[in-house]
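# Tertiary structure, described
This is what each chain is made of:
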Amino acid sequence: LNALPGRAPRQSIRFLPTPAPDGSGAVELVATRVPVLADHPLVRGPRFRKLKIGAGHRLDVKASGVFVLGIGHGNKLLTDLYNCHLTKVYTVGGLFGKATDDFSDTGNLVEKTTFDHITREKLERILAVIQGTNQKALLMYSNIDMKTQEAYELAVEGLIRPMGKSPPIITAVRCLQFALPEFQLEIHCLHETQQYLRKMVHEIGLELKSSAVCTQVRRTRDGVFTVDDALPRMRWNLQSIQEAIRNCQLKVETELEKTL
Amino acid sequence: RRGLGVAAGPPSTRQLREVDGAAPVFQYAGKAAKRKDRVFVWGFSYSGALGVPGFVKPDASWKKPRRIQPTPYRLETEEKISSAACGYGFTLLASNTRDITKVWGMGLNKDSQLGFQRSRRDRTKGYEYVLEPSPIPLPLEKPQQTRVLQVSCGRAHSLVLTDSEGVFTMGNNSYGQCGRKVVEDEIYSESHLIHQLKEFDSRVVQVVCGQDHSLFRTKKGTVYACGWGADGQTGLGHYNITSVPTKLHGDIAGVNIIQVSSCGDGCLAVSDEGDVFGWGNSEYLQLASVTDTTQVNVPRHLPFKIGKVKEAACGGTGNAVLTEEGNVFVWGYGILGKGPNLTESAVPEMIPPSLFGWSNFSPDIRVAHVRCGLSQFAALTNRGELFVWGKNLRGCLGTGRMEDQYFPWRVTVPGEVVDVACGVDHMVSMVRSF
């Protein structure tokens, strides 16, 4: 960043004594444009020494996926985005038959169970119930009086969302793949932590009268940022970062205007 | 080899596999695990209608009596219940079995609507309130062959439909709703009398109780009615009492009716072609689309252009129909389900499917059944979810809150809801476990 051409040093107008052009010895004051010494690169030093980087919603060590960072003035946008309370989409992979203490496949084994009685229909039924109870929680935590016409209209459009602090709420779940003992779910949620998602996988296992551990948690969308906008490891260099910021600016602005 | 000075660290794959192989495997449910059928009840419990004696008379001194059960509560039954009906403070549960005991009743029994329940303390007297599901003895000719198909409850009378022995009626008969001649000054409490009705043009396939009248639908598609007729709910062309089931004419003569519904003083019928017919009370704009009178005593066709109707449910002041596409239309008066602003409508208004869980994410959710209580509505989706809305009288909606519900709200039931019966202040649902 420091190698980029910085702005030109400030120029100021000073009255400098110069010997008179006719060589008579008298000193005249002529106004000349002179670069201010204080602005000289050697005096000022490198332009950027520290960068303020802020992180968006937390991502676990064991999880992967989209992670939003704000740089410099972008940190102010981060708080605004947080107040928008947009949903995040995760791809969660699970494995039936095992139960561990930290709900993931690298924890200490607690129990092993059979799972051959589990079918895709049973799983989808459980997911429907989870969605139903979370839908209720969505309406309850949004702090809208249920008796008003406004509440009814928002409920029809599906726009009711908790706009303040709330426990984790799942807005939609879908089963992407099902091949015993493995399965993959797509979860849309609000205010959650990755450990909560792993616990959810464990609870799904219990509800199906078996047990399950979580093998993979990957965030595929965080509000407006999707996997396509995200930069993979290979592209963590200045040009890609600048390009990505430029591409996302418009999306972020429209989303903020819509919500606030 | 781990020495004492080496830290544990995250377990390596090899360690995990070793632990995995050595652990025993537990089995909680085998491959042939069947889904159990359960009954859930909720609402006002002091009448005994919920069938849980612990709510009315707690078995331990530190327990307090529970006046209202605000969320679904599981009721233990001896047999698998195939049909349930809620009346005004009492409930009937029926099973499809060939055993001798086929019908159980609980709740108010002041008019013998649950038959004669012999008191254990005095063998000559009967119980006025039945707190537990108690068997109802039916005078069947072949008790080990006949099956009970359906039960229905009105304000103070009940009907039991069997497959080969006609319809049994019990309870209050002051308006002839039990299908027998009205006896003046008859005392209905502690009565052993259960009347049997067999004279219909073909086998009866559905029985429905309104507040003080009864409707019978036969296999041929005809409808019979008896009982109170002051609002025209018997549909026989007059406003008097009928004490013998009589065939209805009017707009439904010759039409093959596939479903009849009634809860208060109005009635709705659906034909096989998807047309809706109504008669009875119209004080709340239920039939205002065809007539201005407040009582209609002949069945009239309701010309609604909402598509082919699959099911209708007639409530006390509001009605609901379900079309073939799975949309619910409501009209009438009261809390109709479209927010607090819509309190009355003479023409059917559609409830947006997004309120029942339909979205771009799950586009195949459809409403499968609609049921009505006196001032509540219930809808069942094809995913087995139960949505209720309407006046929350003594907690009957089962949402856990005491406030009225102005738009469809999910009831959390641990299982897939197969059927629901709505009464005035309580509801019973038949649920299949996961």
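Here's what I pulled together on the structure shown here. (Residues numbered from 1 in each chain as written. Chains lettered and ligands numbered in written order. Predicted model: local features only at pLDDT ≥ 70, side-chain atom pairs only at ≥ 80, totals over all residues. Heavy atoms only, no water.)

## Notes on the overall build of chain B
Within chain B, the regular secondary structure consists of 2 helices and 29 strands. Rg of the C-alpha trace for chain B: 25 Å, near the compact-globule value of 22 Å for 434 residues, within the 12% margin. In terms of overall dimensions, chain B has C-alpha extents of about 100 × 60 × 40 Å along its principal axes. Burial analysis of chain B (434 residues in total) assigns 55% to the buried set. Looking at charge distribution, chain B has the averaged site of its 48 positive side-chain charges lying 9 Å from that of its 42 negative ones. (Helix = DSSP H or I, 4+ residues; strand = E, 2+ residues; numbered from the N terminus. Rg over C-alpha atoms; globule rule 2.2 N^0.38 Å. Buried < 20%, exposed > 50% of the residue type's maximum accessible area, 1.4 Å probe, protein only. Lys, Arg positive; Asp, Glu negative; His and termini not counted. Charge placed at Lys NZ, Arg CZ, Asp CG, Glu CD.)

## Let's talk about the layout of surface pockets
Of the volumes computed, that of the second largest pocket is approximately 1300 Å³. Surrounding the second largest pocket, 44 residues form its lining, Leu138, Glu157, Gly158, Leu159 and Ile160 of chain A being those nearest its centre. Listing elements by their share of the lining of the second largest pocket, those giving two or more residues are helix H3 (120-141), helix H4 (149-157), strand S9 (169-179) and helix H6 (238-259) of chain A together with strand S27 (405-411) of chain B. Looking at the lining of the second largest pocket, the element that brings in the most residues is H3 of chain A, giving 6 residues. (1 Å grid on protein atoms, 1.4 Å probe; cavity = no way out; pocket = protein on both sides within 12 Å on 5 of 7 lines; lining within 4 Å. Points joined across faces, edges and corners; volume = space filled by probe spheres on them.)

## So, the sheet that holds S27 of chain B
Sheets are built from strands that pair by backbone hydrogen bonding, the pairs being arranged parallel or antiparallel. All names here are of chain B. Sheet architecture is open: 4 strands sit in the order S24-S25-S26-S27, paired in antiparallel fashion. Strands at the two margins of the open sheet, each flanked by one partner only, are strand S24 (367-372) and S27. Here the average twist between neighbouring strands, direction ignored, is 20°. Taken together, the 5 bridges between S24 and strand S25 (residues 376-381) define a ladder with antiparallel strand orientation. Bridge assignment links Arg371 to a residue of S25, and that residue is Ala378. (Pairing = 2+ DSSP bridges. Axes fitted to C-alpha atoms, helices over the stretch in contact; angles between N-to-C directions.)

## Examining the nonpolar core
In this structure, Leu123, Ile187 and Ile204 of chain A are the most contacted members of the largest nonpolar core, which totals 25 residues. Elements with a minimum of two residues in this core: strand S6 (88-96), H3, S9, strand S10 (182-190), helix H5 (194-207) and strand S11 (212-222) of chain A. Membership of the second largest hydrophobic core comes to 24 residues, among which are Leu139 of chain A together with Ala320, Val330 and Trp389 of chain B. (Core = buried A, V, L, I, M, F, W, Y, C linked by side-chain atoms within 4.5 Å.)

## So, the pairing of strand S21 (residues 318-323) of chain B
Residue and element names in this part refer to chain B. When you tally the buried positions in S21, you get 6 out of 6 residues, the bulk of the element. Sheet analysis places strand S20 (residues 309-314) next to S21, joined by 5 bridges and oriented antiparallel. Within S21, the residue paired with Val309 across the bridge is Thr323. Between S20 and S21, which pair antiparallel one after the other, the connecting turn spans 3 residues. Inspection of the sheet shows S21 paired to strand S22 (residues 328-333) by 5 bridges, in the antiparallel sense. When the sheet's bridge partners are listed, Asn319 is paired in S22 with Trp331. Linking S21 to S22, which pair antiparallel, is a turn of 4 residues; within it Gly326 sits at a positive phi near 95°.

## So, the interface of chain B and chain A
Residue-level contacts link 35 residues of chain B with 36 residues of chain A. Between chain B and chain A, a total of about 3500 Å² is buried, with carbon and sulfur atoms accounting for 63% of that surface. Taken together, the links from chain B to chain A amount to 1 salt bridge. Residues Glu416 of chain B and Arg125 of chain A are paired through a salt bridge, measuring 3.4 Å at the closest nitrogen-oxygen approach. Counting the contacts that link chain B with chain A gives 7 residue pairs in polar contact (both at pLDDT 80 or more). Listed by contribution, the elements that provide at least two residues to the side of chain B that touches chain A are helix H1 (13-22), strand S1 (25-26) and S27 of chain B. No other element matches S27 of chain B, which puts 4 residues into the side of chain B that touches chain A. In terms of residue class, the side of chain B that touches chain A is built from 17 nonpolar, 8 polar and 10 charged. (Contact = heavy atoms within 4.5 Å. Buried area = accessible area lost by both parts, 1.4 Å probe. Salt bridge = Lys/Arg side-chain N within 4 Å of Asp/Glu carboxyl O. Polar contact = N/O pair within 3.5 Å; in protein donor to acceptor, adjacent residues only side chain to side chain. Nonpolar A, V, L, I, M, F, W, Y, C, P; charged D, E, K, R; others polar.)

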